[in-house]
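# Fold and contact review
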Amino acid sequence: MRELHRIDEFADVFRLFDEIWHPDPANPPVTVELMRVLSHTGSYVAGAYEGDRLVGASVGILAAGNTLHSHVTGAAQGGRGIGQALKAHQRDWCARRGIDRITWTFDPLVRRNAYFNLAKLGARPVEYVENFYGPMADAINEGDESDRLVVEWPVKERAPAREPYEGVVALEEEDRLPVRGAVKGPVALVGTPADIEALRREDPSAAVAWRLAMREVLGGLMAEGGQVVAFTGNGEYVVLARLT
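Quantities reported herein were computed from a predicted structural model and do not represent experimental measurements. (Residues numbered from 1 in each chain as written. Predicted model: local features only at pLDDT ≥ 70, side-chain atom pairs only at ≥ 80, totals over all residues. Heavy atoms only, no water.)

### What to know about the pairing of strand 11 (residues 227-231)
Of all five residues making up strand 11, four are buried, and the element is well covered by its neighbours. Both strand 11 and strand 12 (residues 236-240) contribute to a ladder of four bridges, which runs antiparallel. Within strand 12, the position partnered with Gln-227 by the bridge is Leu-240. Taking the residues that link successive antiparallel strands as the turn, the strand 11-strand 12 hairpin has four residues, and the phi of Gly-235 there is positive, at about 85°. (Buried < 20%, exposed > 50% of the residue type's maximum accessible area, 1.4 Å probe, protein only. Helix = DSSP H or I, 4+ residues; strand = E, 2+ residues; numbered from the N terminus. Pairing = 2+ DSSP bridges.)

### Some words on the packing of aromatic side chains
Throughout the structure, instances matching the rule amount to five aromatic pairs. Ring centres of Trp-104 and Trp-153 lie 5.7 Å apart, and the angle between their planes is 85°; on these two criteria the pair is classed as edge-to-face. Of this pair, Trp-104 sits in strand 5 (residues 101-106) while Trp-153 sits in strand 7 (residues 148-154), and the two are 49 residues apart along the sequence. Note on accessibility: Trp-104 and Trp-153 belong to one class, buried. Taking the ring centre of Trp-104 as reference, the NZ or CZ of Lys-87 above it sits at 3.6 Å. The ring centre of Trp-153 lies 4.1 Å from the NZ or CZ of Arg-91, which sits over that ring. (Phe/Tyr/Trp six-rings, centres within 6.5 Å; stacked < 30°, edge-to-face > 60°. Lys NZ or Arg CZ within 6 Å of the ring centre and 35° of its normal.)

### As for the nonpolar core
Core analysis: the biggest nonpolar cluster contains 40 residues, and Val-190, Met-214, Leu-218 and Tyr-237 have the highest contact counts within it. Listed in part, the 15 residues of the second largest apolar core include Phe-17, Trp-21, Val-30 and Leu-54. (Core = buried A, V, L, I, M, F, W, Y, C linked by side-chain atoms within 4.5 Å.)

### Quick look at unusual backbone geometry
Across the chain, the bulk of peptide bonds are trans and the bulk of non-glycine residues have phi less than zero. Although it is not a glycine, Asp-175 sits at a positive phi angle of roughly 55°. You can see Asp-175 is positioned in the loop between strand 8 (168-174) and strand 9 (177-180). Looking at Asp-175, the relative accessible area reads 69%, which means it is exposed. Its identity as a non-glycine residue notwithstanding, Arg-176 has a phi of 75°, on the positive side. Tracing the sequence through the fold places Arg-176 in the loop between strand 8 and strand 9. For Arg-176, a relative accessible area of 36% corresponds to the partly exposed category.

### Some words on the environment of Ala-209
Tracing the backbone through its elements, the reader meets Ala-209 in helix 6 (residues 204-223). Sequence separation of Ala-209 and Gly-225 is 16 residues, and the distance between their C-alpha atoms is 24 Å.

### Regarding helix 2 (residues 32-40)
Residues of helix 2 that are buried: Val-32, Met-35, Leu-38 and Ser-39. End-on, the buried residues of helix 2 take up no more than an arc of 125°, which puts them together on one face. Turned more than 90 degrees off the buried face of helix 2, the exposed positions are Glu-33 and His-40. After helix 2 finishes, the residue Gly-42 shows a positive phi value of roughly 100°. (Arc of directions from axis to C-beta.)

Limitation: the analysis is restricted to geometry and does not speak to function.
Spelled out as structure tokens, the structure:
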């Protein structure tokens, strides 16, 4: 793990991200020129290597409120701990500079990312934003609106362990479709699709139904002051309608 400062290193990151997202050439996640500017002006550009081969990278922007906003992070292959190593490096980088928090966004429909961000890292959603990036022309997001959860990850404090919650099921999956429940009581469980990326390819109308349902249920709960405090192993957001 190390910071990156050279044009050839940024070009390697550009190629890695191209392999991960397959974006429209006119709409890459980040350009070589922007990485150069961010690195030169003190923001965060880092890579994970196996030998001489780049296998992961992360780009962050210094933001208001003594915050680093992690704009994009990607790894060549999942399940190898590369993403967690990148986030740990990012957190250590912030700690050495006295930065208080890291923020980033992710698609609330992607179950594995929600579990990684909330259950493994301990980040907490602070905002639900509809169509955050507008239309996205890449192999992962194309054909769907870019709703995002904005999460916050304190640099110094560790999120306390959460006891299992029981609550009312406000959204669940049945035959790959979203099924809404009654949003009542102090705790709501908001389910996610097993694999939204496969659903976008195989059943686009079901993927759209999930987007609208998640926006209405999770977005609605958060707009009313609900706080997401956990993510279960069954793929559910645990939302407290009020603090107890």
